[in-house]
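Commentary on secondary and tertiary structure
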Amino acid sequence: MLFRRIVLCALFVGVLAGLLVSAVQHWQVIPIIAAAEVFEGSAEGAEAAEPAATMAHDHDHGAAHVHDEAAWEPEDGTERHVWTLIANVLTAIGFSLVLIAAITTWEHLRGGRVASARSGLVWGAAAWLCVFAAPSLGLPPEIPGTAAAALDARQTWWLIAVLCSATGLSVLAFVPGRLRWLGIALLALPYALGAPHIDGAFAAYSDEVARQMEVLTGQFAIATAISSAIEWLALGSLAGWAVARWVRPALATLGTPATARA
Amino acid sequence: MQQQATLQIARPKSALLAIAMPVLTAVLLGAVIVYGVGFSHIAAAHNAAHDTRHSNVFPCH
């Protein structure tokens, strides 16, 4: 019962937030990716640039390589936009499942009517800090064509950054007494470990193109920060509202007396 | 009685057990979906979700 409610709410919240963020990205993030891919093509066209550009890629996993000619990829234009929309909605559903589960746990353990669209905004903002801001501090948003450290190392660090930030913020917010300051140490841990980096993100390009890629990277960081903030605030407020509207009645049937809610 | 005592303060620890399974399953399901879209090494999954991965700062390529 409770699980079904959480999943249905996550589907509803995820679809709405996914559609919203797709509209926002279509207007400000996608044009930057398209511009970067024009430059990315210019580096691949040059014989000399290819070794430098691919060296940084993760060749141990050839199947995952973006330049794998055999792999299916959507046609540019409508097909690609539709797949981006689908991926955005699926990602938002995944995020909603975790967020709604967290807000449900919070409401249940506090034993009161704390979930709401407004408190959900705080959850959304906290989630944006954990899932976007914290990993971005170590691995800044990258436009296509950026050379970077091995994929596995970056994915592992991303996961460490998100888990440490989420645990650290939770400890700061919910653990009573002096123990809560341990949360600060958890927040700092990913940066003490250090994110995987290589030098020369745009070494494969001519100086002029590299400069333009750097400008695009700056614009991309701002655009993605805004679009993901909009996504997480929408996810948070919708999730808070959905928990209050649909999950709260399911929690009430778990053996909590009706008087507890009066 | 026990239930009334929980009115003013947090519910007892067993309250966590009552929701642990559905909540943890939901978190796991969410993580699997985000992994599939954002982190899977399958080339087709990467290409389909390419712009989403870049926009969400999921490590890509």
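Residues numbered from 1 in each chain as written. Chains lettered and ligands numbered in written order. Predicted model: local features only at pLDDT ≥ 70, side-chain atom pairs only at ≥ 80, totals over all residues.

Chain B appears in an unreviewed UniProt entry as Cobalt transporter subunit CbtB from Aromatoleum toluvorans.

Labelled according to an unreviewed UniProt entry, chain A appears under the name Cobalt transporter subunit CbtA, originating from Aromatoleum toluvorans.

Let's shift gears to the overall build of chain B. Scanning chain B from terminus to terminus reveals four helices and zero strands. Counting helices and strands in the order they occur from the N terminus, chain B gives α-α-α-α. Looking at chain B as a whole, 44% of its 61 residues qualify as buried. (Helix = DSSP H or I, 4+ residues; strand = E, 2+ residues; numbered from the N terminus. Buried ≥ 20, exposed ≤ 12 C-beta atoms within 10 Å, placed from the backbone.)

Moving on, we come to the overall build of chain A. When helices and strands are tallied, chain A shows eight helices and zero strands. In chain A, the succession of helices and strands from N to C terminus is α-α-α-α-α-α-α-α. Looking at the 262 residues of chain A, the share that counts as buried comes to 39%. Within chain A, residue pairs in contact and separated by at least 24 positions form 84% of the contacts whose partners lie at least 6 positions apart. (Contact = placed C-beta atoms within 7 Å.)

Before going further, it helps to examine unusual backbone geometry. Residue and element names in this part refer to chain B. Phi at V57 is positive, roughly 60 degrees, even though this residue is not glycine. Here V57 shows up in the segment after α4 (50-55). Exposure remark for V57: the 24 C-beta atoms within 10 Å place this residue in the buried category.

As a further point, take helix α8 (residues 207-252) of chain A. Over its 46 residues, α8 of chain A runs 64 Å from end to end, which matches the ideal 68 Å to within 8%, given 1.5 Å per residue. Its axis deflected by about 45 degrees at W246 of chain A, α8 of chain A carries its strongest bend there, up to four residues before the proline P249 of chain A. (Expected span 1.5 Å × (residues − 1). Bend = angle between axes of the 7 residues up to and from the residue.)

Attention now moves to the UniProt feature "transmembrane region" (unreviewed entry) in chain B. UniProt tags residues 15-37 of chain B as "transmembrane region" (unreviewed entry). Split by type, residues 15-37 of chain B is 100% helix and 0% strand. Its first and last C-alpha atoms lie 33 Å apart. (UniProt positions renumbered as here; feature names shortened; annotations may be inferred.)

Before going further, it helps to examine the environment of H50 of chain B. As for its placement among the helices and strands, H50 of chain B is situated in helix α4. As for H50 of chain B and V37 of chain B, which are separated by 13 residues in sequence, their C-alpha atoms are 9.1 Å apart.

The subject of this paragraph is the interface of chain B and chain A. Listed per partner, the contact involves 39 residues of chain B and 57 residues of chain A. For the side of chain B that touches chain A, the elements supplying multiple residues, two or more each, are α2 (14-38), α3 (43-48) and α4 of chain B. Ranked by residue count, the leading element in the side of chain B that touches chain A is α2 of chain B, at 16 residues.

Ranked by internal contacts, the top residues of the largest apolar core, which has 58 residues, are I6, V13, L99, I100, L235 and A239 of chain A. Elements that contribute at least two residues to this core include exactly α1 (2-28), α4 (78-110), α5 (117-138), α6 (151-174) and α8 of chain A together with α2 and α3 of chain B. With 13 residues, α4 of chain A is the largest single contributor of residues to this core. By size, the runner-up hydrophobic cluster in this structure holds 16 residues, among which are I33, Y205, L216 and A223 of chain A. (Core = buried A, V, L, I, M, F, W, Y, C linked by C-beta atoms within 7 Å.)

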